[in-house]
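# Close look at the chain arrangement
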Amino acid sequence: MKCQRSLKALCLLLVSLFLSVFCRRTIAAPQAGKSDPVTFVHCGTLIDEVTDEPRQNALLEIVGGQFRAVTHYTPDFAKPAGAAFIDLAAETCLPGLVDSHTHILLQGDQKPGQYDEQILKWSLPYRTILATQSARRALEYGFTTIRDVETEGAYYADVSVRDAIKQGVIPGPRMVVVTRALNVTGAYAIEGYDPALTLPHGVQVVDGADECRKAVREQIANGADWIKVYADQRVSTAQGVVHSIPTFTPEEFHAIVDEAHREHHKVAAHALGLEGAHNAVQAGVDSLEHGAYISDDDLRTMAGQGIWYVPTLYIFVYADEIHQAGGFPGWKGGVEIHAETFRRALKAGVRIAFGTDVGGFEWTISPAKEFPLMVNYGMTPAQALRAATASGADLLDMKEQIGSVEPGKLADLVAVSGNPLSDIHLLENINFVMKEGAVYKLPGPLNSH
Ligand SMILES: [Zn+2]
């Protein structure tokens, strides 16, 4: 047994050495050139998010980090000298996944006491080191692009991690970041301590339209890709509706959205209840996060104006289980109301993108747990998958680069054994990950964690 284990360790070492050399070379040279390595991938099945039906025996040609051709594989295929060949004949390939709501700087803060522990006791360097681990995990789960929606007191650490990944210093998904997020005085943790103490906040606290505008300018100057605002706080449920207390006044909200848009940046709004969602929609935000309850009128406006809904279903199921297991009452009826809102949004034709709030739950859990809930609440597996591929790309204004497998797009590719369109749970076991032509995970026992 001991022998086998050390042999396995040696193999793992050799594979990771090979991968790190291979990955670095490809990341460092993303533009196609004459001397770029060529890789062919044979996919037994390919869901390309271009055609409606999966394709059988697809052959992908990848050069300089991009798909150059998607053709049909035949058994007489002989790869050209010098090209690499990856055999995924037994797998279903799909575009790299997009998680539009993550927190790499949180390590499961929903468990009692964890938020205060992480914000008050963990140093910023330690939190950033853990964030690099979270980023690597996101990639290994198949998420080649993420929108990370606030650092929770870790200032601009997300910008540094994003840039380190972009430079090929560490492995991770392509990141779109919001930095600190905005909220008003008295509406956000850290809370409940002696008022004489000055404690850090999970957000940048701003009051008044001028401060709001200034904070947007500051965050963009410091590297924010999107701006995130908190539209509400303190929720309660009654008769099938989640109510909340709004945070920003319409004037403040308008200043935030106007300033972000003036600088060609988009705004994501956290909104849990009726009142918060309404104010966010009225302010003209670009995406509404969570949306446990959204009125039919606001859903109509969202559909009409193309405002995205990122429902983050799993975190609420997870948090409810944890609270009930801890003897707390849980969120009475909230999960069911959320499910009903999702169904109404789907019916109203609102654009829905896949997002999970991972970081709220631990990074040791695959964010793909969101998929079965989307299907349980009314999406087809193909719709749920599209929310995490083509729709995610669209939300991020990256549909020219990612979201489907077709020539000219970045070579982001993942694979599973079996057909995820007949069993959506399979997406929790991604066994092949390629980002911009670099391989980070291969099928087989060597990848078992
Ligand atoms: Zn979140």
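## Looking at the overall build of the protein
Helix and strand counts for the protein stand at 13 helices and 18 strands. Seen through its principal axes, the protein has C-alpha atoms that stretch 70 × 45 × 45 Å. Residue burial in the protein is summarised as follows: out of 449 residues, 55% are buried. In the protein, of all internal contacts separated by at least 6 residues, the share reaching a separation of at least 24 is 68%. With the model as given, the accessible surface of the protein reaches about 19,100 Å², and the carbon-plus-sulfur share is 55%. Measuring between centres, the 38 positive side-chain charges of the protein sit 6 Å from its 53 negative side-chain charges.

## A short note on the coordination of the zinc ion
For the zinc ion, the full set of protein donor atoms is His101 (NE2), His103 (NE2) and Asp357 (OD), and the range of their distances to it is 2.1 to 2.2 Å. For the zinc ion, the donor residues sit on a single chain with the sequence spacing H-x1-H-x253-D. Note that His103 is positioned in the loop between β5 (97-102) and α2 (114-121) and Asp357 in the loop between α10 (334-348) and α11 (370-376), a separation of 254 residues in sequence. When its relative accessible area of 3% is taken as the criterion, His103 is described as buried. Owing to a relative accessible area of 11%, Asp357 belongs among the buried residues under this scheme.

## What about the environment of Ile294?
Examined against the element boundaries, Ile294 turns out to sit in the loop between β14 (287-290) and α8 (296-305). Along the primary structure Ile294 and Ala277 are separated by 17 residues, whereas in three dimensions their C-alpha atoms are 6.0 Å apart. Apart from residues lying up to four places away in sequence, Ile294 is in contact with Ala277, Leu288, Leu299, Met302, Tyr309, Thr341 and Arg344.

## Thoughts on the sheet that holds strand β7 (residues 174-177)
One open sheet holds the three strands; their spatial order is β5-β6-β7, and the pairing between them is parallel. Strands at the two margins of the open sheet, each flanked by one partner only, are β5 and β7. Between one strand axis and the next, the sheet turns through 15 degrees on average, direction left out of account. Relative to β7, strand β6 (residues 143-148) runs parallel, the two being bridged by four bridges. Counted as the bridge partner of Asp148 is Val177 from β7. Contacts between helix α4 (residues 157-166) and the sheet are confined to β6 and β7, with β7 contributing the most and set at about 155 degrees to the helix.

## Quick word on the state of the cysteines
With the rule as written, the count across this model stands at one disulfide. Note that Cys43 is cross-linked by a disulfide to Cys93, the S-S spacing being 2.3 Å. When the S-S torsion is -95 degrees, as for the bridge of Cys43 with Cys93, the disulfide is left-handed. Within this pair, whereas Cys43 is found in strand β1 (residues 38-46), its partner Cys93 is found in strand β4 (residues 84-95), the two being separated by 50 residues in sequence. No difference in accessibility class separates Cys43 from Cys93, as the two residues are buried.

## Structural notes on the sheet that holds strand β17 (residues 432-435)
Within a sheet, adjacent strands bond to each other through the backbone by hydrogen bonds, running parallel or antiparallel. Sheet architecture is open: seven strands sit in the order β3-β2-β1-β4-β16-β17-β18, paired in mixed fashion. Across the chains shown, the open sheet's two edge strands, defined by having one partner strand only, are β3 (66-72) and β18 (438-441). Each strand of the sheet is rotated relative to its neighbour by a mean of 35 degrees, with strand direction disregarded.

## Quick word on the packing of helix α7 (residues 274-283) against α8
In the contact formed by α7 and α8, the axes pass within 10 Å of each other and the chain directions differ by 30 degrees. The orientation of α7 with respect to α8, classified from their angle, is roughly parallel. Between α7 and α8 lies a crossing of left-handed hand. In this structure, α7 uses Leu274, Ala277, His278 and Val281 to contact α8, whose residues at the interface are Asp298, Thr301, Met302 and Gln305. For the contact of α7 with α8, a count of residues per class yields four nonpolar, three polar and one charged.

## Here we look at the confidence of the model for the protein
For the protein, per-residue confidence averages 91 on the pLDDT scale, and residues scoring 70 or more make up 91% of the total. Ranking the helices and strands of the protein by mean pLDDT puts strand β15 (residues 308-310) first, with 99, and helix α1 (residues 2-28) last, with 41.

## Describing the nonpolar core
In terms of nonpolar packing, the biggest core is built from 96 residues, with Ile227 and Phe253 touching the most fellow members. The residues touching Ile227, leaving out its near neighbours within four places in the chain, are Leu182, Val216, Gln219, Ile220, Ile256, Ala260, Lys266, Val267 and Ala268. Of all hydrophobic cores here, the second largest spans 18 residues; its members include Leu46, Phe67, Val70 and Val405.

## Examining a nonpolar patch on the surface
A cluster of nonpolar residues, Leu120, Tyr193 and Leu197, forms a patch on the protein surface that exposes about 260 Å² of accessible area. Structurally, the position occupied by Leu197 is in the loop between β8 (182-183) and β9 (204-205). For Leu197, a relative accessible area of 49% puts it in the partly exposed group.

## Some remarks on the side chain of Thr389
Along the chain, Thr389 falls in the loop between α12 (381-387) and α13 (390-395). With a relative accessible area of 0%, Thr389 lands in the buried category. In this structure Thr389 touches Glu49, Pro95, Gly96, Leu97, Val98 and Gly403, once residues within four positions along its chain are discounted.

## Looking at the pairing of β6
Across the six residues of β6, six count as buried, placing the element largely inside the fold. With four bridges joining them, β5 and β6 adopt parallel strand pairing. Within the sheet, the bridge partner assigned to Thr102 lies in β6 and is Asp148.

## Description of the packing of aromatic side chains
Here the structure, examined in full by the defined rule, presents 13 aromatic pairs. Geometrically, the ring pair formed by Trp122 and Tyr126 is edge-to-face, given 5.6 Å between the ring centres and 75 degrees between the ring planes. For the ring pair Tyr314 and Tyr318, a centre distance of 6.1 Å and an interplane angle of 50 degrees mean the geometry is tilted. Highlighted residues: Tyr314 and Tyr318, both in helix α9 (residues 313-325), separated by four residues, approximately one helical turn. We classify Tyr314 as buried; its relative accessible area is 12%. Under the relative-accessibility criterion, Tyr318 is labelled buried at 6%. Among the aromatic residues, those joined into a cluster by ring pairs are Phe40, Tyr73, Phe77 and Phe85. Taking the ring centre of Trp226 as reference, the NZ or CZ of Arg147 above it sits at 4.6 Å.

What counts and what doesn't
- Residues numbered from 1 in each chain as written.
- Predicted model: local features only at pLDDT ≥ 70, side-chain atom pairs only at ≥ 80, totals over all residues.
- Heavy atoms only, no water.
- Helix = DSSP H or I, 4+ residues; strand = E, 2+ residues; numbered from the N terminus.
- Buried < 20%, exposed > 50% of the residue type's maximum accessible area, 1.4 Å probe, protein only.
- Contact = heavy atoms within 4.5 Å.
- Areas by Shrake-Rupley, 256 points an atom, 1.4 Å probe, with all protein chains shown as cover.
- Lys, Arg positive; Asp, Glu negative; His and termini not counted.
- Charge placed at Lys NZ, Arg CZ, Asp CG, Glu CD.
- Donors = N, O, S within 2.8 Å, 3.2 Å for Na, K, Ca; no water.
- Pairing = 2+ DSSP bridges.
- Axes fitted to C-alpha atoms, helices over the stretch in contact; angles between N-to-C directions.
- Disulfide = S-S within 2.5 Å.
- Parallel < 35°, antiparallel > 145°, perpendicular 65-115°, else oblique.
- Left-handed = near helix turned anticlockwise from the far one by under 90°.
- Nonpolar A, V, L, I, M, F, W, Y, C, P; charged D, E, K, R; others polar.
- pLDDT = per-residue confidence, 0-100.
- Core = buried A, V, L, I, M, F, W, Y, C linked by side-chain atoms within 4.5 Å.
- Patch = residues over 30% accessible without salt bridge, like charges linked within 9 Å, V, L, I, M, F, W, Y side chains within 5 Å.
- Salt bridge = Lys/Arg side-chain N within 4 Å of Asp/Glu carboxyl O.
- Phe/Tyr/Trp six-rings, centres within 6.5 Å; stacked < 30°, edge-to-face > 60°.
- Lys NZ or Arg CZ within 6 Å of the ring centre and 35° of its normal.

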